[in-house]
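If you want the building blocks of each chain, they are given just below.
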Amino acid sequence: MADDYQLPIDGNWDVQDMVAVSNLVDAILQVYEGGCDRNLLLENYRQFCEVIPSKSEQKKFDRDFEDQTGRSIYQTMKLTKDGNSRVISRD
């Protein structure tokens, strides 16, 4: 995960939830740093959506993430769903 990124932790999350969210953040950053396996990214996103099921909360998390890192979860997942490559990479 980016050294300067502050993961917004919800007080109701357990360790598994924090790991799931952190795994998605790591996968998104991998996409921008050379690539990430599509299936791994999709699985991490599915788990993220279980932790944060509300679309509005997901958008809020993504805005915060993009403000801090310059990386977009939404744009990355759109690229993932629109493409058919096994490895997702942002050039």
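Structure: above.
Per chain, the residues get numbers from 1 upward, laid out in the order the sequence is written. Note on the predicted model: pLDDT of at least 70 is required for a residue's local features to be given, and 80 or more for side-chain atom pairs to be given and counted; whole-chain, interface and lining totals, by contrast, use all residues. To obtain the side-chain values, all non-hydrogen atoms of the structure were used and water was disregarded.

J.: Whenever I open this one, helix α2 (residues 38–51) confuses me. Can you help?
T.: Spacing of three or four residues puts side chains on the same side of an α-helix, whose turn is 3.6 residues. Only DSSP runs of H or I with at least four residues qualify as helices, and only runs of E with at least two residues qualify as strands; both kinds are numbered from the N terminus onward. Expected span of a helix, by definition, is 1.5 Å for each gap between consecutive residues, and there is one gap fewer than residues. Under the 1.5 Å per step criterion, the end-to-end length of α2 is 20 Å for 14 residues, consistent within 8% with the ideal 20 Å. Only protein chains enter the accessibility calculation, which uses a 1.4 Å probe. A residue is then buried if its area is under 20% of the maximum for its type, exposed if over 50%, and partly exposed in between. For α2, the set of buried residues is R38, L41, N44, Y45, F48 and V51. Each buried residue of α2 sits inside an arc of 140° when the element is viewed along its axis, so together they form one side. Counted as exposed and oriented over 90 degrees from the buried face of α2: N39 and E50. Next to the buried residues of α2 lie α1 (15–32), β1 (36–37), α3 (55–69), α4 (73–82) and β2 (87–88). Polar contacts, as used here, are pairs of N or O atoms within 3.5 Å; protein pairs need one atom able to donate a hydrogen and one able to accept it. Residues neighboring in sequence count only if both atoms are side-chain atoms. You can read the cap of α2 off the contacts: a side-chain oxygen lies 3.1 Å from the backbone nitrogen of N39, and it is on D37. The arc in question is the one traced by the directions running from the helix axis out to the C-beta atoms. Any two residues having at least one pair of non-hydrogen atoms within 4.5 Å are treated as being in contact.

J.: How do you make sense of the packing of α2 against α4 when you look at a structure like this?
T.: Each packed pair of helices is defined by two parameters, the angle between the axes and the distance between the axes. At their nearest, the axes of α2 and α4 sit 11 Å apart, and the two run at 130° to each other. With respect to α4, the element α2 is oriented oblique. The crossing of α2 and α4 is left-handed. Here R38, L41, L42 and Y45 of α2 come into contact with α4, specifically with I73, T76, M77, L79, T80 and K81. Polar here means any residue other than Ala, Val, Leu, Ile, Met, Phe, Trp, Tyr, Cys and Pro, which are nonpolar, and Asp, Glu, Lys and Arg, which are charged; Gly is therefore polar. Split into classes, the residues belonging to the contact of α2 with α4 amount to 6 nonpolar, 2 polar and 2 charged. The axes are straight lines fitted to the C-alpha atoms, using for helices just the contacting stretch, and the angles between their N-to-C directions are given from 0 to 180°. Between 65 and 115 degrees an angle is taken as roughly perpendicular, under 35 as roughly parallel, over 145 as roughly antiparallel, and anywhere else as oblique. Left-handed describes a crossing whose near helix is turned anticlockwise from the far helix by less than a right angle; the clockwise case is right-handed.

J.: I'm lost on the layout of surface pockets in this one. Help?
T.: A probe as big as a water molecule, rolled over the atoms, marks out the empty space that is left. Of the pockets and cavities examined, the largest pocket occupies roughly 250 Å³. The rule is simple: put a 1 Å grid over the protein atoms alone, call a set of points where a 1.4 Å probe fits but cannot get out a cavity, call an open set with protein on both sides within 12 Å along at least five of seven lines a pocket, and count a residue as lining if it has an atom within 4 Å of a point. If you go around the largest pocket, the residues you meet are Y45, F48, K55, Q58, K59, D62, I73, Y74, M77, K78 and K81. Ranked by the residues each element gives to the lining of the largest pocket, the list is headed by α4, at 5 residues. Taken together, the residues of the lining of the largest pocket break down into 5 nonpolar, 1 polar and 5 charged. Around the second largest pocket, the lining residues are P8, D10, W13, V51, I52, E57, K60, F61 and D64. Per element, the largest residue contribution to the lining of the second largest pocket is 4 residues, and it comes from α3. Here the lining of the second largest pocket is composed, by residue class, of 5 nonpolar, no polar and 4 charged. Grid points are joined across faces, edges and corners, and a volume is the space filled by probe spheres set on the points.

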